[in-house]
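Topology and contacts: notes
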Amino acid sequence: MTRITPDRVVGIGALVLAVIAPFIVSSYWVGALLTQMLFLGIVAASLIFLSAYGGMISLAQVAVYGIAGFVVGNATTNGNTKGLNLGWNPWWGVIAGIAIAVGVGLLFGALASRSVGIYFLMITLTYSVIANLTFGQVTDVSGFGGISGIPAPGAIGRVEAHQNRLYYVALVAAFLVYLLLRYVARTPFGLTLQGVRDDPIRMASLGYNVNLHRTIAFGFASFVASIGGVLFVWWNGHIDPASIDLGATIDVLVIAVIGGLYRLEGAWVGALFFVIVNNYSQQISFIGPRFHTLIGAIFLLIVLVSPGGLVGLWERALELASGTHKEPSDRTPIEVGPVESHV
Amino acid sequence: MAVDRPPAISNRARSLALRRRVLLVIGWTLLAILVIVPLLWVLFLAPTTGKWATAFGSAVHDPKDFLITVLNGVTAAALYFVVASGFTLIFGLMRVVNMAHGALFLFGGYVALKLQRGMVGEGGSFGLTSAQVNLTHWIIPAIVGTVVVAAMGLAMQQVFLRWNQGQELRQALITIAISIILADQMLAHFGGVAEDIAWPRNIDTFVNLRVQGILYTETRLVILGIALAIGILLWLWLKRTRTGMVIRAGVDDRAMVSALGINIQLTFAIAFAVGSALAGLGGVIGGSFASLAPGLDANWLLYSLVVVIIGGMGSLGGAAIGSLLLGLTSNFSAAYLPSTYTYYSIIFTFMLVAIILAVRPLGLFGRPA
């Protein structure tokens, strides 16, 4: 447990840096970039969890995150905006948002649980586009313009005035999510899920309910994604259908792939890379507003050259340094083809 | 001596079987309700007044608008079929989910739009009207748009997809990356304002169908005609020609076809070009029928996905049935929901997908890969 590995040194170093960040970088960095990195990382982590331990690459994580965000928006605003304007206490809004998002996630998961690989990718993409169109069309809960003036709880206060508070809330949430995901992966449920990922037919013949495990994993990942959605609406104060459109869906996929689809840490690495590129590319004259062309090209390059993402590059560098070689079972989900059924 | 005896059925197994039967009964009942209630509503129950008032009332009350809704559904399905048949052709043969299909659709539309404007002129502030456009001004842009997109799809397949055959998820991610770049570049070059291609003046009129005195948009019937022609041509191509035979064999067993000495790479290239061409042609028709704007690539990718999820991946007949179900569902839910709730119609698209997935995870005509 106490062995010092390069991974651990980097991890603890990153955590320490994250804790002292508000004292060493500008408040713009903390408020605009790092907080965004943390909640985007949480959503991407839910995607990576499903892909790394369940073998399911889900494009519905942003839809679930948006559902949580829209519920919070509808529940906690009080007049002056679209939606239901229920005017609840923000904490009740959080509970309702997460509960509804998990409920929808379980339904989504149950419907998609019999599919794997690209079928799963397609079905979850369908969910995502339908969620976007639904919030765009159903004016009772949002409509095209979305919901504005969503308040954070009193303890956090006005986000513009107290950027560090939301940052630390997001940091604690991200850290807890990371620990929770790691813990769940080591429980009997997590181990069974990995069995289902590697050989569903064998797991079924051993008596495990494969579809139920996939469904519960999806519901659990929805729980994680909805935490990201709550932080997003607190941070942004506003949510509209464009926050969860195809572009946003693909952004989170890009983050997960750039980070690396098989290590949870990759979520935040990818998110940091994403927000920095997003922020600074605008200042480069020949890129300017064409951020998505740039990020698309980087995404393409990563998928073509290093399917393990940035974390994969790091691991390859460590291998080269120590002269060891990785076992083939550690290949990324992208490279592993569909599971052949040996019937 | 061992005697063959039927194995004793344990109580546990019996209760599991019973539970399974109960679940099946509940499932079928739910399904029946979900199908029968909407049917009854549309045919007999939909009112024209009161809290639940619909725009037209029931089919018995207003057969004319019922027939028009059917026609709208079928003609919308025709366009879905043109686009989705290309998607399913590519998937069926190569197991490539072309996530850039929606972007190719939009690109085909924009190429035709710019060419038409180049031939005729920019038109007024709302673009060209059909009075300014003759048949040639529509057909030539349509052909060019289709061919350009076919070439683009072919290039995409040769450069990015050919060398990682079989890595399905990686290929899907590659096409997603290409769709991001394409969509962003189209936004940069063609702007963010919705524009449409003008129909030629010869067909932009109404036809008297001589049923219930319906005057119906001729362009919608033209779309239906084009889709039927494409469906028949694709069917003949797949069933009656040598290339089609190789494609069908490739769908069933790629390795065996290759081992027989057939150049499967050439077949892949042809299928990818044809599949992309259909996206491009769909874009031209869709751009004339509705409009072209950033973000519509997502809608058309959604339609293609829904059609093939319903119909089953790689099946032409499935694409036709899937398109019909999607077209009818979306048009009927928009026309027959109570007027104050019509914007909920998108939910019905989701319900359609959900019901099909719950009953047949591989789609109506899907077969295991």
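Residues numbered from 1 in each chain as written. Chains lettered and ligands numbered in written order. Predicted model: local features only at pLDDT ≥ 70, side-chain atom pairs only at ≥ 80, totals over all residues. Heavy atoms only, no water.

**Regarding the overall build of chain B**
Filter applied, for reference: Here a strand is any run of E in DSSP of at least two residues, a helix any run of H or I of at least four, and the numbering for each starts at the N terminus. To sort residues, take the accessible area from a 1.4 Å probe on protein chains only and compare it with the maximum for the residue type: under 20% means buried, over 50% means exposed, and anything in between is partly exposed. All accessible-area figures derive from a Shrake-Rupley calculation using a 1.4 Å probe, and residue coverage is judged against the displayed protein chains alone.
Assigned secondary structure in chain B consists of 12 helices and 2 strands. Ordered by position from N to C terminus, the α and β elements of chain B give α-α-α-α-α-β-β-α-α-α-α-α-α-α. For chain B, the spread of C-alpha atoms along the principal axes amounts to about 95 × 65 × 40 Å. Within the span of chain B, comprising 369 residues, buried residues form 49% of the whole. With an accessible surface of roughly 17,100 Å², chain B has 68% of that area assigned to carbon and sulfur atoms.

**Comments concerning the pattern of salt bridges**
All names here are of chain A. Under the convention used in this document: A pair is scored as a salt bridge if a Lys or Arg side-chain nitrogen falls within 4 Å of a carboxyl oxygen belonging to Asp or Glu.
Tallied over the entire structure, the rule returns 8 salt bridges over all chains. Measuring nitrogen to oxygen at the nearest pair gives 2.9 Å for the salt bridge that ties D198 to R197. Here E265 ties to R263 by a salt bridge, and the two come within 3.1 Å at their closest N and O atoms. With relative accessibility at 25%, the residue E265 sits in the partly exposed group. Through salt bridges with shared partners, one network takes in D7, R182, R263, E265 and E315.

**Re the packing of aromatic side chains**
Test applied: Two rings from Phe, Tyr or Trp (for Trp, the six-membered ring) form a pair when their centres are within 6.5 Å of each other. A pair whose planes differ by under 30 degrees is stacked, one over 60 is edge-to-face, and the rest are tilted.
Overall, the coordinates contain 25 aromatic pairs over all chains when judged by the stated rule. Ring geometry for F108 of chain A against Y127 of chain A: centres 4.0 Å apart, planes inclined by 15 degrees, an arrangement best described as stacked. Of this pair, F108 of chain A sits in helix 4 (residues 90-112) while Y127 of chain A sits in helix 5 (residues 117-137), placing them 19 residues apart in sequence. Taking the centre distance of 4.8 Å and the plane angle of 45 degrees together, the rings of Y80 of chain B and Y303 of chain B count as tilted. Residue Y80 of chain B is located in helix 2 (residues 63-94), and its partner Y303 of chain B is located in helix 10 (residues 296-311); the two are separated by 223 residues in the primary sequence.

**Details of the environment of V30 of chain A**
This is how it is decided: Pairs of residues are marked as contacts when any of their non-hydrogen atoms sit within 4.5 Å.
By the element assignment, V30 of chain A lies in helix 2 (residues 27-54). In this structure V30 of chain A touches A21, P22, V25, T35, N164 and Y167 of chain A, once residues within four positions along its chain are discounted.

**Re the interface of chain B and chain A**
Here is the rule: Here the quantity called buried area is the accessible surface, traced with a 1.4 Å probe, that two parts lose on coming together, added over both. Identification of polar contacts relies on pairs of N or O atoms within 3.5 Å, with a donor-acceptor requirement for protein atoms, meaning one able to donate a hydrogen and the other able to accept it, and with residues adjacent in sequence counted only if both atoms are side-chain atoms.
Counting from both sides, the interface comprises 46 residues of chain B and, opposite them, 45 residues of chain A. With both sides pooled, the region where chain B packs onto chain A buries about 4,200 Å², and carbon together with sulfur makes up 77% of that total. In this structure, the connection of chain B to chain A is made through 1 salt bridge. For D184 of chain B, the salt bridge identified is with R290 of chain A, shortest N-O distance 3.0 Å. In this structure, the connection of chain B to chain A is made through 8 residue pairs in polar contact (both at pLDDT 80 or more). Listing elements by their share of the side of chain B that touches chain A, those giving two or more residues are helix 5 (168-190), helix 10 and helix 12 (345-359) of chain B.

**Brief notes about empty space enclosed by the protein**
Picture a little ball the size of a water molecule; that probe, rolled over the atoms, points out where space is still empty. Just so we agree on the cut-off: Definitions used for this entry: grid spacing 1 Å over protein atoms alone; cavity, a set of points where a 1.4 Å probe fits but cannot get out; pocket, an open set with protein on both sides within 12 Å along at least 5 of 7 lines; lining residue, one with an atom within 4 Å of a point. Grid points are joined across faces, edges and corners, and a volume is the space filled by probe spheres set on the points. The nonpolar class holds Ala, Val, Leu, Ile, Met, Phe, Trp, Tyr, Cys and Pro. Asp, Glu, Lys and Arg form the charged class, and all remaining residues, Gly among them, are polar.
By the definition in use, this model includes 1 cavity of 30 Å³ or more. The space that makes up the largest cavity amounts to roughly 40 Å³. Lining the largest cavity we find Y119 and I123 of chain A together with V308, I309, M313, P361, L362 and G363 of chain B. Taken together, the elements giving at least two residues each to the lining of the largest cavity come down to helix 5 of chain A together with helix 10 of chain B. When the residues that make up the lining of the largest cavity are grouped by side-chain class, the tally is 7 nonpolar, 1 polar and no charged.

**Regarding the confidence of the model for chain B**
Residue and element names in this part refer to chain B. In plain terms, the rule: What pLDDT expresses is the predictor's confidence in each residue, scored from 0 to 100.
Per-chain confidence: chain B averages 87 in pLDDT, with 97% of residues scoring 70 or above. Across chain B, the secondary-structure element scoring lowest on mean pLDDT is helix 12, at 82, and the one scoring highest is helix 4 (residues 135-161), at 94. For this predicted complex, the interface score ipTM comes out at 0.85, while the overall pTM is 0.87.

**Considering the side chain of Q194 of chain A**
Here Q194 of chain A shows up in helix 7 (residues 188-198). In this view, Q194 of chain A contacts Y53 and A185 of chain A; residues no more than four positions away in its chain are not counted.

**Some details on helix 10 of chain B**
Residue and element names in this part refer to chain B. The test is simple: By this rule, a helix spans an expected 1.5 Å times one less than how many residues it contains.
For helix 10, which comprises 16 residues, the first-to-last C-alpha distance of 22 Å matches the rise-based estimate of 22 Å (1.5 Å per residue) to within 8%. With respect to burial, helix 10 is a largely interior element, 14 of its 16 residues being buried. Downstream of helix 10 by a residue or two, G312 has a phi angle that is positive, lying close to 105 degrees.

**Quick notes on helix 4 of chain A**
The end-to-end C-alpha distance of helix 4 of chain A, which contains 23 residues, comes to 32 Å, matching closely the 33 Å that a straight helix rising 1.5 Å per residue would cover. Its side-chain oxygen 2.7 Å from the backbone nitrogen of W91 of chain A, N89 of chain A forms the N-cap of helix 4 of chain A.

**Thoughts on unusual backbone geometry**
Residue and element names in this part refer to chain B. Even without being glycine, R95 reaches a positive phi, approximately 60 degrees. As for its placement among the helices and strands, R95 is situated in the loop between helix 2 and helix 3 (101-120). Taking relative accessible area as the criterion, R95 reaches 13% and is therefore assigned buried. Of note, R210 is a non-glycine position whose phi angle comes to about 60 degrees, a positive value. Along the chain, the position of R210 falls in the loop between strand 1 (206-208) and strand 2 (215-217).

**Here's the deal with the confidence of the model for chain A**
All names here are of chain A. Residue-level pLDDT values for chain A average 86, and 94% of them are 70 or greater. Ranking the elements of chain A by mean pLDDT puts helix 13 (residues 309-322) last with 83 and helix 9 (residues 210-236) first with 95. Across residues 335-343, confidence stays below pLDDT 50; counting only partners more than four residues off in sequence or on other chains, it has 11 contacts.

**Digging into the environment of G73 of chain A**
Residue and element names in this part refer to chain A. As for its placement among the helices and strands, G73 is situated in helix 3 (residues 61-76). For G73 and G149, which are 76 residues apart along the polypeptide, the C-alpha to C-alpha distance reads 8.3 Å. Aside from chain neighbours lying at most four places away, what touches G73 is I147 and I150.

**Let's talk about the nonpolar core**
Test applied: Here, the term nonpolar core denotes a set of buried Ala, Val, Leu, Ile, Met, Phe, Trp, Tyr and Cys residues that are joined through side-chain atoms within 4.5 Å.
With 197 residues, the main nonpolar core has W234, W268 and F299 of chain A as its most contacted residues. Broken down by element, the residue count for this core peaks at 17 residues, all from helix 2 of chain A.

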